[in-house]
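Descriptive analysis of the structure
Here is what each chain is made of, one letter per residue.
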Amino acid sequence: MFKKILVANRGEIAVRIIKACQELGIKTVAIYSNVDKNAPHVQLADETINLGDPTPIESYLNIPKIIKIAKETNSEGIHPGYGFLAENPDFADSCNDIGIKFIGPSADVISLMGDKIAAKKTMEKAKVPVIPGYHGVKQDNASLIKEGKKIGFPLLVKAAAGGGGKGMRIVHSEDLLEQSIEGAKRESKSAFGNDTVFLEKYIERPRHIEFQILADEHDNVIHLFERECSIQRRHQKIVEETPSPIMTPQLRNKMGKAAIAAAKQVKYTNAGTVEFMVDGNLNFYFMEMNTRLQVEHPITEATTGIDLAKWQLRIAAGEKLTIKQSNLIQRGHAIECRIYAEDPANGFLPSIGTLTKVQPPKGPNIRDDSGIYTDMQVTPYYDPMLSKLVTYAENREECISKMIWALSRYVIMGVTTNIPFLKELIEHEEFKKGNITTQFIDNYFKDWTEAKDGLPIDAIIALAVFDSMHNKKQEIVRYKEADPHSPWKHVGRWRVGSEGGK
Amino acid sequence: MFINYEHNNHVYNVTVERRENNYYITYNNTEYKVNSVEEPVKGQLKIIIGDRVIKSVITEGDKEKYIFVDGEVFKVKPVDLTSKKKTKKKEDGDLSSPISGKVVSVKVKKGDSVKKGDVLMVIEAMKMEYLIRAPFKGKINKVNFKEKDQIEIGQITVDISKKGE
């Protein structure tokens, strides 16, 4: 096992990794930028090195700086966490070059899986179902129509250089194919200066379901079941759960085998995730492989009892997996909510400021992975995720109730958070029924705004009591009437257009 | 004590009185007698009013306060009409109305010279009067409201320029 490793990350994931190291008796080196000098990961680590300038490219993304620190501190390994350099093959290579173990898969695998088209081709070889499509060079109408007919309808025409829905068409029947191809090409040409288009089968009622993989360096690969991650905003997950409400033992078995086949095909090592798209008829297709520990890994830990971060370290140290696939069981239900400093009523724009109070909920089977504390500054430099709140219960219904309980007791003040949004989402009838797709937020929460009933009377009373207890300032408003008792009876809220007390 | 809280562009007027060791909160013509208040940690309050229990957490930011009650966070700005902060702001020439109400008296007209602290306008809301005072020695360029006009919070009462400018 390693004696000392460097954690090349910040926030909750750095904290998570350091704690795993502490349990295994591994010393840790934390790196931090100027704005993170009081951060929890810095408090926890055995050694801490300042990176200076908080700009990511100068700090947590600065490969030469980090490699130099790893060498100088005699770190034997580097854990990249997620984000930042976690899926950067050059970083993994740089570690290998100086004999420091990169705690993750090989640079080659990271590189291969980072190329979405190459990854798909590799998966086809492993007989893992991929979304039928055409990504070829023949771009004349006749060839595209021929390929399109092969794929079948509905299908998606999308710009190769695309993004943001530009140059994208959903085609429901053959007679509309030609005009859609031409339309997509025109739009793509004007938006991206390139009219190359791809064709892909259009997945209706899509769900995002992924499988957790652990693979050691001795050819043992296991999967740790699925995570349902359909609830996304701007293609980013915000609520994850396991098991998936639509999963059946047969489908789980099939998808689990496909995930293992995918990992074996690329000689995957360490922890990874195979992401699938699942359609309304429970057909599944490989989307991509994430070559790192996922943000949502705690729900798998809750339902399997397996510590993924510790296994990452053991695997990287060359140890063999001691868990057999046949011994793994999924028990109960777990949900994770990602708490962000953002305003869901305003396009999910990040909110920055000082956290005047942080008080996480505590209780049985509630896990709060966070990197925040009272008086912390939320800066614009990094991802605005504040915490991951995870609840675990015997079944989905109780797990939802527990999550509502926990969200309702999570005090984060000073910035706008998505807690009210998460609460409404979890309480939504369709969510409760498990009817979720990747379009869930667009379908039900598109123009969401917080119910603005104004300040509740309880808040007004509490504020008034607080202020009169702590504010010694004297009354300064001049009252019109001489009778000192009279105005007390007549003041109140007089703004038109909102209701008063309860 | 009389307090104004602003939340989402609404102003809430509350009065607090302490009589015989009890707090009396009056809001929206209703008086609430607070039977007991516990504050084990500053800002963490448990208030009992009859059989109603209010548990809240309050923190103070630079200009605003945050209150957590019944699972929700609300951001409020105490609207303090004559505090130093407000006076300072007014030195920058901010003569916006602190409240919505009725203009009961206009003390100046275009072209008048005023001294710092002179009352320019009186605005009434409910039974109270709010005085708009000159933030500095200056000259009145324009008076935007006349007596009996309705004025909304944030509307500029008077345009004033510093003497000699």
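Residues numbered from 1 in each chain as written. Chains lettered and ligands numbered in written order. Predicted model: local features only at pLDDT ≥ 70, side-chain atom pairs only at ≥ 80, totals over all residues.

1. Brief notes about the overall build of chain A
- Across its full length, chain A holds 17 helices and 24 strands.
- For 502 residues, the compact-globule estimate of 2.2 N^0.38 gives 23 Å, and chain A sits close to it at 26 Å.
- Considering only C-alpha atoms, chain A reaches an extent of 90 × 65 × 45 Å along its principal axes.
- Here chain A holds 502 residues, and 46% of them are scored as buried.
- Long-range contacts, defined as pairs at least 24 residues apart, comprise 65% of the intrachain contacts of chain A with a sequence gap of at least 6. (Helix = DSSP H or I, 4+ residues; strand = E, 2+ residues; numbered from the N terminus. Rg over C-alpha atoms; globule rule 2.2 N^0.38 Å. Buried ≥ 20, exposed ≤ 12 C-beta atoms within 10 Å, placed from the backbone. Contact = placed C-beta atoms within 7 Å.)

2. Describing the overall build of chain B
- A count of helical and extended segments in chain B gives one helix and 16 strands.
- Residues classed as buried in chain B amount to 31% of the 165 residues present.
- Sequence separation of at least 24 residues holds for 43% of the intrachain contacts in chain B that already meet a minimum separation of 6.

3. Some details on the nonpolar core
- Formed by 91 residues in total, the largest nonpolar core has its most connected members in Val7(A), Ile213(A), Ala263(A) and Phe276(A).
- A per-element tally of this core places helix α1 (residues 11-24) of chain A first, with seven residues.
- Once residues within four sequence positions are removed from consideration, Ala263(A) is found in contact with Ile213(A), Ala215(A), Val221(A), Tyr268(A), Gly272(A) and Val274(A).
- Of all hydrophobic cores here, the second largest spans 69 residues; its members include Ile335(A), Leu355(A), Ala462(A) and Val16(B). (Core = buried A, V, L, I, M, F, W, Y, C linked by C-beta atoms within 7 Å.)

4. Observations concerning the sheet that holds strand β10 (residues 207-215) of chain A
All names here are of chain A.
- With respect to topology, eight strands assemble into an open sheet ordered β14-β13-β10-β11-β12-β15-β22-β20, the strand pairing being antiparallel. Each end of this open sheet is capped by a strand with a single partner; those strands are β14 (284-290) and β20 (366-370). Averaged over all pairs of adjacent strands, the angle between strand axes in this sheet comes to 25°, irrespective of strand direction.
- Sheet topology note: the strand β15 (residues 333-340)/strand β22 (residues 385-393) ladder contains eight bridges and is antiparallel. Each residue of the ladder has a partner; that of His 333, found in β22, is Ala 393. (Pairing = 2+ DSSP bridges. Axes fitted to C-alpha atoms, helices over the stretch in contact; angles between N-to-C directions.)

5. Overview of the sheet that holds strand β14 (residues 138-143) of chain B
Residues and elements named next belong to chain B.
- Spatially, the three strands line up as an open sheet ordered β11-β14-β16, and their pairing is antiparallel. Strand pairing shows two members of the sheet lacking a second neighbour, β11 (113-114) and β16 (158-162), which therefore form its edges.
- As judged from the five bridges shared by β14 and β16, these two strands associate in the antiparallel manner. Each bridged residue has a counterpart across the sheet, and for Ile 140 the counterpart in β16 is Ile 160.

6. Focus: the environment of Lys109(B)
- Following the sequence through the fold, Lys109(B) ends up in the loop between β10 (101-106) and β11.
- In this structure, the C-alpha to C-alpha distance between Lys109(B) and Val37(B), residues 72 residues apart in sequence, is 50 Å.

7. Things to note about the domain arrangement of chain A
- The assigned domain composition of chain A is domain 1 (4-103), domain 2 (133-201) and domain 3 (207-444).
- Each of domain 2 of chain A and domain 3 of chain A was reduced to a C-alpha centroid, and the two centroids are 33 Å apart. (Domains from an automatic or database assignment.)

8. Focus on unusual backbone geometry
All names here are of chain A.
- Between Phe 153 and the following residue, Pro 154, the backbone shows a cis peptide bond with an omega angle of -5°.
- Relative to the helices and strands, Pro 154 is located in the loop between α7 (141-151) and β7 (155-163).
- In this structure, Pro 243 follows Thr 242 across a cis peptide bond, with omega equal to -5°.
- Its place among the elements puts Pro 243 in the loop between β12 (236-242) and α9 (249-265).
- Phi at Leu 282 is positive, roughly 65°, even though this residue is not glycine.

9. Points about the domain arrangement of chain B
- Here the domain parsing of chain B yields domain 1 (2-78) and domain 2 (84-162).
- Each of domain 1 of chain B and domain 2 of chain B has a C-alpha centre, and these two points are 30 Å apart.

10. Section: the packing of α7(A) against helix α8 (residues 177-192) of chain A
All names here are of chain A.
- Axis separation between α7 and α8 bottoms out at 10 Å; the angle between their running directions is 120°. The angle between α7 and α8 falls in the class oblique. Both α7 and α8 take part in a crossing whose hand is right-handed. From α7, Asn 141, Leu 144, Ile 145 and Gly 148 reach across to α8, where they touch Leu 177, Glu 178 and Ile 181.
- Grouping the amino acids of the contact of α7 with α8 by side-chain chemistry returns four nonpolar, two polar and one charged. (Parallel < 35°, antiparallel > 145°, perpendicular 65-115°, else oblique. Left-handed = near helix turned anticlockwise from the far one by under 90°. Nonpolar A, V, L, I, M, F, W, Y, C, P; charged D, E, K, R; others polar.)

11. Structural notes on the environment of Ser143(A)
- Within the secondary structure, Ser143(A) is located in helix α7.
- Taking C-alpha positions, Ser143(A) is 46 Å from Tyr340(A), a pair spaced 197 residues apart along the chain.

12. Thoughts on the pairing of β10(A)
Residues and elements named next belong to chain A.
- Most of β10 sits out of view: nine of its nine residues are buried.
- On β10, burial covers both faces: Arg 207, Ile 209, Phe 211, Ile 213 and Ala 215 on one face and His 208, Glu 210, Gln 212 and Leu 214 on the other are all buried.
- Here β10 pairs with strand β13 (residues 270-278) via nine bridges, running antiparallel. Within β13, the position partnered with Ile 209 by the bridge is Phe 276.
- Pairing analysis gives six bridges linking β10 to strand β11 (residues 221-233), with the strands arranged antiparallel. Across the sheet, Phe 211 pairs through a bridge with Glu 226, a residue of β11.
- Hairpin connection of β10 to β11: five residues between the antiparallel strands, including Asp 219 at a positive phi of 70°.

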